[in-house]
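Inside the fold
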Amino acid sequence: MLCNGGISSSNRVLYVDDEPGLREIVKLFLESDGTFSVNTCSSAPAALELLDSEPYDAIVSDYEMPKMDGIRFLKHLRARGDTTPFIIFTGRGREDVVIEALNSGADFYLQKGGEPEPQFAELAHKIRHAVANQQANRAIEKREHDYRHLIEHAGEAIFVTQDEAFKMVNPQLISVSGYSEQELIDQPFTRFVHTDDIKTLLDNFRKRIAGSSNLPSHYVFRILRKDGTVRWVELNVVAITWDDRPAILNFMADITDRK
């Protein structure tokens, strides 16, 4: 049998190795505390076939195997968009193999050998770490997707300013300003502010970015649309971190009709 093992509610691990004895030992150890449910395969091609129908939380693979080695197996997975955490577990300890594995998208590299118990304990630790990182990244991606969806469908103009320029804009700002997203991103926000209102906005932006908290968070001023018309807007601002640096999150509404 090329692949065997069951799937449960535990972390699902696929272990690929052409040594049957080691496959059984690793499976028994990882499943001993109920944390993992391990399926094993004797070759990378068999594992690829299995992965077409069953998802896994992590993959552990030997390097030297017939037909397809562990790094070719990894590259094949990454090329088809499979981001499952991948650990190379092998007796080959050459530096060039380690570098190629990590550059190809491996999460960890662990060399076989030494006392079995601490070695398999380290393997279990690396699997847990890789799975936790994957879950955290997916949670962040979901939050970012939900956040962007909320911004794009908000009823008011929302945008991020950093380095005195637009870094993110939503469709409502595009509608209010008359400019496209490409015409706004990385452009100084002062270009779209009425000359009589630039100084106050720019001074307060610089102070807020520098960390000052004794500033108004609400402004009423004029913007210049692309067609040259002037619109009155109401702006509320919040200091945030954007790409690990200080920035301002802005909420803007057109109040020209009220004016």
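Described below are features of the structure shown in this document. Treat the numbers as computed from the prediction; the structure is a model and nothing was measured.

1. What to know about the packing of helix 3 (residues 70–79) against helix 4 (residues 95–103)
Relative orientation of the contacting elements helix 3 and helix 4 amounts to 15 degrees, with a least axis distance of 10 Å. In terms of their interaxial angle, helix 3 and helix 4 are classed as roughly parallel. The way helix 3 lies across helix 4 gives a crossing that is left-handed. Facing Ile-71, Leu-74 and Lys-75 of helix 3, the residues of helix 4 in contact are Val-97, Glu-100 and Ala-101. The class makeup of the residues in the contact of helix 3 with helix 4 is four nonpolar, no polar and two charged.

2. Considerations on the side chain of Lys-112
Examined against the element boundaries, Lys-112 turns out to sit in the loop between strand 6 (108–111) and helix 5 (116–152). Within the structure, the side chain of Lys-112 is placed 2.7 Å from the side chain of Asp-17, a separation counted as a polar contact. One polar contact links Lys-112 to Asp-62, side chain to side chain, over a distance of 3.3 Å. Every residue in contact with Lys-112, bar those within four places of it in the chain, is listed here: Tyr-15, Asp-17, Glu-19, Leu-22, Asp-62, Phe-89, Thr-90, Gly-91 and Gln-119.

3. With respect to helix 1 (residues 20–30)
Because an α-helix packs 3.6 residues into every turn, residues spaced three or four apart end up facing the same way. Taken residue by residue, helix 1 has Leu-22, Arg-23, Val-26, Lys-27 and Leu-30 as its buried positions. The buried residues of helix 1 all sit within an arc of 130 degrees when viewed along its axis, so they share a single face. Exposed residues pointing more than 90 degrees away from the buried face of helix 1 are listed as Pro-20 and Leu-28.

Criteria and thresholds
Residues numbered from 1 in each chain as written. Predicted model: local features only at pLDDT ≥ 70, side-chain atom pairs only at ≥ 80, totals over all residues. Heavy atoms only, no water. Axes fitted to C-alpha atoms, helices over the stretch in contact; angles between N-to-C directions. Helix = DSSP H or I, 4+ residues; strand = E, 2+ residues; numbered from the N terminus. Parallel < 35°, antiparallel > 145°, perpendicular 65-115°, else oblique. Left-handed = near helix turned anticlockwise from the far one by under 90°. Contact = heavy atoms within 4.5 Å. Nonpolar A, V, L, I, M, F, W, Y, C, P; charged D, E, K, R; others polar. Polar contact = N/O pair within 3.5 Å; in protein donor to acceptor, adjacent residues only side chain to side chain. Buried < 20%, exposed > 50% of the residue type's maximum accessible area, 1.4 Å probe, protein only. Arc of directions from axis to C-beta.

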